[in-house]
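Chain and residue survey
Listed below are the residues making up each chain.
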2 protein chains.
Amino acid sequence: MEPDSIQLDHGSGGRATHELIRQLFAEAFANPFLAEMNDSALLPMVPTPLAMTTDCYVVDPIIFPGGDIGSLAVHGTINDLAMQGARPLYLSTGYILEEGLPMPILRQVVHSMAQAAREAGVMVVAGDTKVVPKGKADKLFINTTGVGSVPEGRRIGGQYAQTGDAVLINGTIGDHGMAIMCKREGLAFENEIHSDSAALYTLVEAMLIACPSIHVLRDPTRGGVATSLNEIAQQSNVGIVLEEQSLPIRQDVAGACEILGLDPLYVANEGKLLACVPGEHVDAVLAAMRSHPLGTSSCRIGQIVASDPGRLVLRTRIGGQRLVTMLRGEQLPRIC
Amino acid sequence: MEPDSIQLDHGSGGRATHELIRQLFAEAFANPFLAEMNDSALLPMVPTPLAMTTDCYVVDPIIFPGGDIGSLAVHGTINDLAMQGARPLYLSTGYILEEGLPMPILRQVVHSMAQAAREAGVMVVAGDTKVVPKGKADKLFINTTGVGSVPEGRRIGGQYAQTGDAVLINGTIGDHGMAIMCKREGLAFENEIHSDSAALYTLVEAMLIACPSIHVLRDPTRGGVATSLNEIAQQSNVGIVLEEQSLPIRQDVAGACEILGLDPLYVANEGKLLACVPGEHVDAVLAAMRSHPLGTSSCRIGQIVASDPGRLVLRTRIGGQRLVTMLRGEQLPRIC
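Heads up: these notes are all about the structure in this document. Treat the numbers as computed from the prediction; the structure is a model and nothing was measured.

Topic: the packing of aromatic side chains
Counted according to the given criterion, the structure contains seven aromatic pairs over all chains. Here A:Phe141 and B:Phe141 contribute two aromatic rings whose centre-to-centre distance is 6.4 Å and whose plane-to-plane angle is 45 degrees, an arrangement assigned as tilted. On the criterion of chain membership, the pair formed by A:Phe141 in strand β7 (residues 140-149) and B:Phe141 in strand β7 (residues 140-149) is interchain, its members lying in two chains. Between B:Phe25 and B:Phe29, the aromatic rings sit 6.3 Å apart at their centres with planes inclined by 40 degrees, giving tilted as the arrangement. Like B:Phe25, the residue B:Phe29 is buried in the burial classification. Among the aromatic residues, ring-to-ring pairing joins A:Phe25, A:Phe29 and A:Tyr95 into one connected group. Stacked on the ring of B:Tyr57, the Lys or Arg A:Lys130 has its end atom at 5.8 Å from the ring centre.

Some details on the relation of the copies chain A and chain B
When chain A is fitted onto chain B, the two copies agree to an RMSD of 0.0 Å after a turn of 180 degrees and an axial shift of 0.0 Å. Here the two chains are linked by the operation of a two-fold rotation axis. When C-alpha distances to the rotation axis are compared across chain A, the minimum falls at A:Ala137, with a value of 2.1 Å.

Quick look at the sheet that holds β7(B)
Read across the open sheet, the five strands follow the order β1(A)-β2(B)-β7(B)-β5(B)-β6(B); overall the sheet is mixed. The outermost strands of the open sheet, each flanked by one partner alone, are β1 (41-43) of chain A together with β6 (123-132) of chain B. Across this sheet, the average inter-strand angle for adjacent strands is 15 degrees, counted without regard to direction. In terms of strand pairing, strand β5 (residues 87-98) of chain B meets β6(B) through nine bridges, oriented parallel. Bridging from a neighbouring strand, B:Glu98 pairs with B:Val132 of β6(B). Here helix α4 (residues 103-120) of chain B sits on the sheet in contact with β5, β6 and β7 of chain B, set at roughly 175 degrees to β5(B).

Conventions and cut-offs
- Residues numbered from 1 in each chain as written.
- Chains lettered and ligands numbered in written order.
- Predicted model: local features only at pLDDT ≥ 70, side-chain atom pairs only at ≥ 80, totals over all residues.
- Heavy atoms only, no water.
- Phe/Tyr/Trp six-rings, centres within 6.5 Å; stacked < 30°, edge-to-face > 60°.
- Helix = DSSP H or I, 4+ residues; strand = E, 2+ residues; numbered from the N terminus.
- Buried < 20%, exposed > 50% of the residue type's maximum accessible area, 1.4 Å probe, protein only.
- Lys NZ or Arg CZ within 6 Å of the ring centre and 35° of its normal.
- Least-squares fit on C-alpha atoms with pLDDT ≥ 70 in both.
- Pairing = 2+ DSSP bridges.
- Axes fitted to C-alpha atoms, helices over the stretch in contact; angles between N-to-C directions.
- Contact = heavy atoms within 4.5 Å.

Everything listed here is a matter of coordinates, which is why it stays silent on function.
Pasting the structure below:
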């Protein structure tokens, strides 16, 4: 009989490990590449340049409104591929489990991960499971690494922003971070705040059909919109002006931020992207975004300027300007 | 000034994260793909089938005779690629750091990882760093995921063992596991036991030149030789006979195993491979192995047989036979 919690021998590499893999992981992620169960997965040639990215997920709590660490570990990684204009193809996943983790929780997370992968049309082709003694990790951590296919000639990156580009976003900011914080702190609002965790690849494809020359795509996760825009400003050596009154934010998210003393500009998102788009293509790209289920509230929030290279400037509601730096200090530990 | 230990804000995604990445990781792993610092690395097309593998490393202690968690995290992953006959090309790495981890230890591990990657001719093209509060992880955990290139038509795998194949190994068993255990338990011998942690790809290439039709390659890590051979027996539905008197084992490793009550057949290796080689090619492959620095003590330890499909049988020194099953229970937690 299967024990009802993770034991040290689930990490031994021996019989218990094999049974856990066969009965849970291999079944949930079933695909012909994983099924070979060799030291590495053998995959067909990919006839384009590749994108590769990795993320560790240590979010606390591991299950939250709008998702869990399993679905997040798919969305976060494939979104990093999509920000390069890559079609996500293959994922690997590594689980670090704490001895004593209840088996039903592990099952829920693995199945949620498998469902998110299926919905995004990506296969988990390689995996690893380690177990550490109770107290040496916190429940479970996941690494997900992704490989994607980048159409020949496609060049999207933080270094390509140009003066005159508009900065677009596909919806409200701060939802993921505040969903996590409210759950962790036990804050209750009339309507529960849900994470925006979602796979953005199909949205990106729709945007690139409307405008193949999008310069920059970035998902404002840890560190939020402010940190991502600072990165872009530095990589491209341009200034970015952000219009405070254009920033879309849910009222309950704004309220929760106020209660917790957080600035929504620094709060993590997991289903949002920032795009730097040449001025003449803005209307077409916005129309494409708004036609996609994940972009119905898309809007323009700022622009790339020649002044203040390397800096992000916020134009406030009352007409003032202030410099917005990268996040300093840790306002939201273990948000992803 | 850089703090002398890891703080929570090193995981914020903000300024401290950027500084840690720039001053440590990006410098140690320096290469043009990583240097772009986008959400994913953009890599050139690979004109062959691909291999992909992932491993989490949670070894305790993180620094041990013969290596550390950084070099191990390179060797372990590229060896899994090599066991598919793949040339290791790209690695990603994800670090989960415990708040308070001394910066000098992190530096040592990262630089050791970078050196191991350079020596193996593989690039770390993507990375991620997370920090969890003190007590929520044990010092540091690493995930390393690898992508390699598999020459068209090369088919090596646990499912291809055939009756008549010889089972070869490139040297002594149990060195890694016993190096870790002796360090952890404070056991001292006249000569310190060193981990065999090493990158096996060039050895594999030499073997495949001697015999392109090697059927199976597997590195007997967690669970040891006994577990790996059980896997092969099951995947290929063949029997495997292991000759106890042929098993190469260092005297101090045998002694340490006896003291700790461990069976060396189940002890982890990190620089060893098992090969199933058609009988007519054994001499050529052994000669190639012995000409390689990592294979000077290579030998034949067993054979694939038609009887006992799915099982591993040990022919003992005194002429008896006993069934050797997969590792049951956890004899060596956190060995890799």
